[in-house]
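Single-letter residue listing:
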Amino acid sequence: MPKVEGTYPHSMDREDAINASKKAITKLLASFEATDTLISSDSEDSLGFSCLSRGMKISGKIFIYKDEVKAIVDLPMMAFAFKGLVQAAIDKHIPKHLEVQGDK
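Residues numbered from 1 in each chain as written. Predicted model: local features only at pLDDT ≥ 70, side-chain atom pairs only at ≥ 80, totals over all residues. Heavy atoms only, no water.

### Quick notes on unusual backbone geometry
Quick reminder of the rule: Throughout this description, buried means an accessible area under 20% of the type-specific maximum (1.4 Å probe, protein chains only), exposed means over 50%, and partly exposed covers the range between. Helix and strand assignments follow DSSP, with helices taken as H or I runs no shorter than four residues and strands as E runs no shorter than two, numbered in order from the N terminus.
At Asp36, a position not held by glycine, the phi torsion is positive, near 50 degrees. Given the relative accessible area of 58%, Asp36 is considered exposed. Look at Arg54: it is not a glycine, yet its phi comes out positive at around 55 degrees. Structurally, Arg54 can be placed in the loop between β3 (46-53) and β4 (56-64).

Structure follows, in structure tokens:
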């Protein structure tokens, strides 16, 4: 199963980083024109998500660390050709939500 990964710095406290990550996942899944979306707290410091996009199941995890967030998106083999588009989407949506309001 192809994976798309990204690690993004943040300077938020844990709770704010988790909330920002949830918003980022929501925007990311919307950019995939996803249906049947599910975002769940897997543990104190990670979020899981899944959806259907164009008939393909996409899933992933977000790990929230002290000063960075790591995103992993699992794609089905049929979606391998879209790996670059998914990478661009996570690079666009996740860092934007991790910026502290005063930094904008």
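### Focus: the sheet that holds β3
Definition in use: Here, any two strands with at least 2 DSSP bridges between them count as paired. Lines fitted to C-alpha atoms define the axes here, with helix axes fitted over just the stretch in contact, and angles between the N-to-C directions of these axes take values from 0 to 180 degrees. Residues are treated as being in contact if the distance between any of their heavy atoms lies within 4.5 Å.
Pairing in this open sheet of five strands is antiparallel, and the strands run β1-β5-β4-β3-β2 from one edge to the other. In this open sheet, the two edge strands, each paired with only one partner strand, are β1 (3-9) and β2 (35-43). The mean inter-strand angle of the sheet, taken between neighbouring strand axes irrespective of direction, is 15 degrees. Alignment of β3 against β4, held across eight bridges, turns out to be antiparallel. Residue Ser46 lies in a different strand from β4, and its bridge partner there is Phe63. Contacts between helix α1 (residues 14-31) and the sheet are confined to β2, β3, β4 and β5 (68-74), with β3 contributing the most and set at about 5 degrees to the helix. On the sheet, helix α2 (residues 83-98) packs against β1, β4 and β5 and is oriented at approximately 20 degrees with respect to β1.

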